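Here is what each chain is made of, one letter per residue.
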Amino acid sequence: MLGVRQQGKRRFWPRSAGLRPWAGRELQGTGQAAGRTSLCPGPPRPCLLSPVQQRGHQPGPERPGNACSVPISEIITVEEADTHGKHHSSGKWQKMEKPFAFTVHCVQRARRHRWKWAQVTFCCAEEPLCHLWLHTLQELLGKLASRPKHLLVFINPFGGKGHGKRIYERKVAPLFTLASITTEVIVTERANQAKESLYEINIDKYDGIVCVGGDGMFSEVLHGLIGRTQRNAGVDQNQPRAALVPSPVRIGIIPAGSTDCVCFSTVGTNDAETSALHIIVGDSLPMDVSSVHHNSTLLRYSVSLLGYGFYGDIIKDSERKRWMGLIRYDFSGVKTFFSHHCYEGTVSFLPARHTVGSPRDRKPCRAGCFVCRQSKQQLEEEQKKSLYGLENTEEVEEWKVVCGKFLAINATNMSCACPRSPRGLSPAAHLGDGSSDLILIRKCSRFNFLRFLVRHTNQYDQFDFAFVEVYRVKKFQFLSKHVEDEDSDLKERGKMRFGPMCSDAPPCCCAASNSSWNCDGEILSSSSIEVRVHCQLVRLFARGIEEDPKEGADS
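About the cut-offs
Residues numbered from 1 in each chain as written. Predicted model: local features only at pLDDT ≥ 70, side-chain atom pairs only at ≥ 80, totals over all residues. Heavy atoms only, no water. Axes fitted to C-alpha atoms, helices over the stretch in contact; angles between N-to-C directions. Helix = DSSP H or I, 4+ residues; strand = E, 2+ residues; numbered from the N terminus. Parallel < 35°, antiparallel > 145°, perpendicular 65-115°, else oblique. Left-handed = near helix turned anticlockwise from the far one by under 90°. Contact = heavy atoms within 4.5 Å. Nonpolar A, V, L, I, M, F, W, Y, C, P; charged D, E, K, R; others polar. Buried < 20%, exposed > 50% of the residue type's maximum accessible area, 1.4 Å probe, protein only. Arc of directions from axis to C-beta. Pairing = 2+ DSSP bridges. Polar contact = N/O pair within 3.5 Å; in protein donor to acceptor, adjacent residues only side chain to side chain. Phe/Tyr/Trp six-rings, centres within 6.5 Å; stacked < 30°, edge-to-face > 60°. Salt bridge = Lys/Arg side-chain N within 4 Å of Asp/Glu carboxyl O. 1 Å grid on protein atoms, 1.4 Å probe; cavity = no way out; pocket = protein on both sides within 12 Å on 5 of 7 lines; lining within 4 Å. Points joined across faces, edges and corners; volume = space filled by probe spheres on them.

K.L.:
I'm lost on the packing of helix H3 (residues 164–178) against helix H7 (residues 272–280) in this one. Help?
P.N.:
Geometry of a packed helix pair, given as the angle between the helix axes and the separation of the axes. Where H3 contacts H7, the axes come no closer than 10 Å and their chain directions differ by 30°. In this view, H3 runs roughly parallel relative to H7, as classed from their interaxial angle. Considering the relative orientation of H3 and H7, their crossing is right-handed. Contacts from Ile167, Lys171, Val172, Leu175 and Phe176 in H3 reach Ala272, Glu273, Ala276, Leu277, Ile279 and Ile280 in H7. Its residues assigned to classes, the contact of H3 with H7 comprises nine nonpolar, no polar and two charged.

K.L.:
For this particular structure, what's the right way to read helix H11 (residues 446–454)?
P.N.:
Two residues of an α-helix separated by three or four positions point the same way, owing to the 3.6 residues in each turn. Those residues of H11 lying buried are Phe449, Phe452 and Leu453. End-on view of H11: buried residues confined to an arc of 95°, all on one side of the axis. The inward-facing, buried residues of H11 contact helix H8 (310–319), helix H9 (327–339), strand S15 (400–412), strand S16 (436–442) and strand S17 (468–480).

K.L.:
Would you explain the environment of Glu381 in this entry?
P.N.:
Relative to the elements of secondary structure, Glu381 occurs in helix H10 (residues 370–387). Separated by 27 residues in sequence, Glu381 and His354 place their C-alpha atoms 9.1 Å apart.

K.L.:
In this structure, what is going on with the pairing of strand S11 (residues 285–293)? I would like to understand it.
P.N.:
It is a general feature of regular strands that their side chains alternate between the two faces of the sheet. Of all nine residues in S11, nine are buried; the element is thus mostly enclosed. Burial along S11 is two-sided: Leu285, Met287, Val289, Ser291 and His293 and Pro286, Asp288, Ser290 and Val292, pointing in opposite directions, are all buried. Relative to strand S12 (residues 298–302), S11 is paired through four bridges, and the arrangement is antiparallel. Within the sheet, the bridge partner assigned to Ser290 lies in S12 and is Ser302. Once S11 ends, the chain turns through four residues before running back antiparallel as S12, passing Asn295 with a positive phi of about 50°.

K.L.:
Looking at this structure, I do not really get the environment of Arg420. What am I missing?
P.N.:
Positionally, Arg420 belongs in the loop between S15 and S16. Looking at Arg420, the relative accessible area reads 63%, which means it is exposed. Taking the C-alpha atoms as reference points, Arg420 and Thr457, separated by 37 residues in sequence, lie 6.9 Å from one another. Here Arg420 is in contact with Asp330 and Thr457, once residues within four sequence places are set aside. Among the polar contacts made by the side chain of Arg420, one reaches the side chain of Asp330 at a distance of 2.6 Å.

K.L.:
Is there a simple way to explain the packing of aromatic side chains in this structure?
P.N.:
Pairs of aromatic rings are described using the distance from one ring centre to the other and the angle between the two planes. Enumeration over the complete set of coordinates arrives at 16 aromatic pairs. With 4.7 Å between their ring centres and 50° between their planes, Tyr308 and Phe478 make a pair best called tilted. Residue Tyr308 is found in strand S13 (residues 305–309), and its partner Phe478 is found in strand S17; the two are separated by 170 residues along the sequence. Aromatic side chains Phe478 and Trp517 sit 5.7 Å apart centroid to centroid with 80° between the ring planes, which places their arrangement in the edge-to-face category. In this pair, Phe478 sits in strand S17 while Trp517 sits in strand S18 (residues 517–519), placing the two residues 39 residues apart along the sequence. Note on Trp517: relative accessible area 0%, which makes it buried. Aromatic ring contacts, followed pair by pair, group Phe310, Tyr311, Phe337, Phe338, Phe449, Phe452, Phe465 and Phe467 into a single cluster.

K.L.:
Help me out: how do you make sense of the pattern of salt bridges in this one?
P.N.:
A side chain of one charge can pair with a side chain of the opposite charge when the charged atoms of the two come close. Applying the stated criterion across every chain, the model contains 22 salt bridges. The salt bridge involving Asp283 is made with Arg543; its shortest N-O contact spans 2.8 Å. Here the residue Asp283 occupies a position in the loop between H7 and S11, and Arg543 occupies one in the loop between strand S20 (529–540) and helix H13 (549–554), the gap between them amounting to 260 residues. Take Asp283 and Arg543: they sit in the same class, and that class is buried. We note a salt bridge from Asp330 to Arg420, for which the minimum N-O separation is 2.6 Å. Pair noted here: Asp330 is in helix H9 and Arg420 is in the loop between S15 and S16, with a separation of 90 residues, a long-range link. We classify Asp330 as partly exposed; its relative accessible area is 28%.

K.L.:
Is there a simple way to think about empty space enclosed by the protein in this case?
P.N.:
Gaps left between atoms show up when a probe the size of a water molecule is rolled over them. This model, assessed by the stated rule, comprises ten cavities of 30 Å³ or more. In this structure, the second largest cavity spans a volume of roughly 90 Å³. Considering the residues around the second largest cavity, the lining is formed by Pro359, Arg360, Arg362, Arg423, Pro427, Ala428, Tyr460, Asp461, Gln462 and Phe463. Its residues assigned to classes, the lining of the second largest cavity comprises five nonpolar, one polar and four charged.

Now the structure itself:
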């Protein structure tokens with residue numbers, strides 16, 4: 001006979017006709033109120049739940065007998081447990097003679113895309129049957145090749161509120177130990193230590209790299225991993241048109257920073273336990289990376305926001321006020337808004353015609369995203385045709401040119417969502433479609449600009465303004481009017497490719513002449529840049545934001 005006891009808030013009932021260990025994808029069961037059933041080995045049974053129901057593990061009207069299931073891929077580990085027969089007055093607990101048990105540690109979904117660690121213990125009086133279940137599940141888990149076994153962990157003890165080390169030790173390390181994942185931990189003591197370490201150490205012995213900190217810590221690991229991969233492949237990163245080699249090593253993010261934009265945009269929440277569980281189950285999410293060059297020199301890589309004007313001025317001003325702590329971003333934001341500087345320049349871009357979506361289609365990137373898969377396939381087809389000379393090459397592709405005075409120029413590879421802006425700067429931006437959403441905010445009144453900013457916090461279309469333009473691009477260049485002499489080489493290439501660069505435009509009437517580029521929270525040294533999106537260059541331990549049932553119904 002089989003009994004089930006609950007640990008925590010989760011209840012699993014065994015199948016009334018008998019739980020059967022099998023080489024399928026799910027551990028599942030139903031049961032009657034008494035919680036008793038026979039347990040006998042046998043062939044696999046068809047799954048009771050639809051795929052959507054299986055993911056959510058929520059009871060529904062279509063489930064007979066309180067059925068529930070958990071995918072094998074979301075079981076953390078299975079271990080033998082010691083238990084003693086107990087009697088419960090409700091009759092749901094049955095006393096057993098010489099009970100045997102095993103405990104399943106698994107993922108439980110909570111509200112707002114959070115994952116929690118759940119435990120379920122199965123008991124029975126027959127020792128061989130208990131061992132059969134235990135060994136079968138352990139064998140199935142051992143066949144999950146995508147799961148990491150040895151990780152390199154970088155901890156930034158200074159990021160955010162300075163709680164990175166404590167978050168890892170209290171919330172993450174115990175889960176890694178439970179999942180039998182070994183780690184090597186490096187607590188960084190200075191900036192760029194993680195980046196430099198990745199150039200020196202042997203990364204082949206690790207199944208992944210985990211960074212504990214904010215977006216700055218992730219950027220360090222990203223630069224180190226991409227740089228190491230290109231060095232090993234003999235690729236010159238300073239060449240803007242170089243085809244970068246994707247890295248096979250996945251990156252895990254444990255959020256412990258002030259914003260954690262990358263984590264929020266790829267998982268849907270800034271929760272350390274959720275991110276740790278995504279790492280444990282071996283999730284994999286491909287992500288685009290943009291390379292930023294100036295005069296054939298690599299400046300930085302970007303995965304979230306590349307902003308000139310408003311967001312560039314904010315980060316530049318906040319760097320002078322680090323003594324204020326995290327409040328400096330709010331202070332600099334208000335100051336920059338009232339300064340209301342605009343900047344004159346020329347934006348040249350190559351539209352991403354391979355993508356199957358658009359910035360205003362209100363279709364956000366979600367787990368198993370069709371847009372990312374299809375766009376990747378079409379981009380590969382374009383590259384093959386170009387390689388064999390079946391289509392025109394980059395030199396004669398149709399570039400677009402936009403001149404004017406801008407309050408802000410933003411390029412986003414992802415939605416850039418965060419708790420303050422749940423939909424982000426570009427709600428329909430996709431993580432792996434090989435494109436970036438280029439957002440141009442032309443000069444307008446303070447009131448209209450405020451209306452635009454407020455829409456980042458609500459459900460209204462933030463691009464529905466006459467002074468806002470948005471394009472989905474795979475490459476773009478920016479030339480500031482006030483540094484044309486400095487960037488003469490870039491301008492000459494622009495004249496050859498695009499024709500006149502609006503040199504007859506009237507001089508800018510703004511007090512400030514140049515802004516700075518905000519590249520994922522870091523200031524770039526040059527205002528004139530050349531940007532290229534590299535499709536799915538890196539992979540994260542994530543699966544994308546899972547579809548909300550209500551969201552799916554609305555769409």
